[in-house]
Amino acid sequence: MHPLTADPHTVVVAGDLLDWATLKTNQIGTLIKLVVGVMVLAAVATAYWKTKSWVATLVAFLLGALVLWGIANLPSLQSKVGSEIDDRASSVAPQVPGPDVGNSKALL
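Everything in this summary refers to the structure shown in the same document. Everything numeric here is computed off the predicted structure, so don't read it as measured data.

So, how was this worked out
Residues numbered from 1 in each chain as written. Predicted model: local features only at pLDDT ≥ 70, side-chain atom pairs only at ≥ 80, totals over all residues. Heavy atoms only, no water. Helix = DSSP H or I, 4+ residues; strand = E, 2+ residues; numbered from the N terminus. Core = buried A, V, L, I, M, F, W, Y, C linked by side-chain atoms within 4.5 Å. Buried < 20%, exposed > 50% of the residue type's maximum accessible area, 1.4 Å probe, protein only. Contact = heavy atoms within 4.5 Å. Expected span 1.5 Å × (residues − 1). Arc of directions from axis to C-beta. Polar contact = N/O pair within 3.5 Å; in protein donor to acceptor, adjacent residues only side chain to side chain.

## Examining the environment of Leu63
Stage number 1. Positionally, Leu63 belongs in helix α2 (residues 54-72).
Stage number 2. Residues Leu63 and Val44, spaced 19 residues apart in sequence, show a C-alpha to C-alpha distance of 9.4 Å.

Structure (structure tokens):
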């Protein structure tokens, strides 16, 4: 039985659920970083195995490190991208003149 429903007289507070959701979200984030790290190591090993070239292995390592850095710093990257976009510019539509519908020669 689930620990939250084990005792019918226990009151579950929303804060407990939020703490649980935050914990699970952090655990999933850690798991994703771990899986991506293993995939990067496999890609570097595969690059060396197939090419036997240290240059290709170094490039695979650098690209893998870049991907890991991007995943680890995703929140800061999202805030930087959000600060670069100006919302006011997208709300103003450009004024483009249309055809003159009052003049029948303009339509022909």
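## Thoughts on the nonpolar core
Stage number 1. Core analysis: the largest hydrophobic core is formed by five residues, namely Val36, Val40, Val44, Ala47 and Ala60.
Stage number 2. Considering each element in turn, this core owes the most residues, four residues, to helix α1 (residues 14-51).
Stage number 3. Contact partners of Val36, with chain neighbours within four places excluded, come to Val67, Leu68 and Ile71.

## A word on α2
Stage number 1. Helix length check: α2 (19 residues) gives 26 Å between terminal C-alpha atoms against 27 Å at 1.5 Å per residue, within 8%.
Stage number 2. Thr57, Ala60, Gly64 and Gly70 are the residues of α2 that are buried. Relative to the axis of α2, the buried residues are bounded by an arc of 150 degrees and lie together on one face. Projecting away from the buried face of α2 at angles above 90 degrees are the exposed residues Trp54, Val55, Leu62 and Leu66.
Stage number 3. Where α2 starts, the residue carrying a side-chain oxygen 3.3 Å from the main-chain nitrogen of Val55 turns out to be Ser53.

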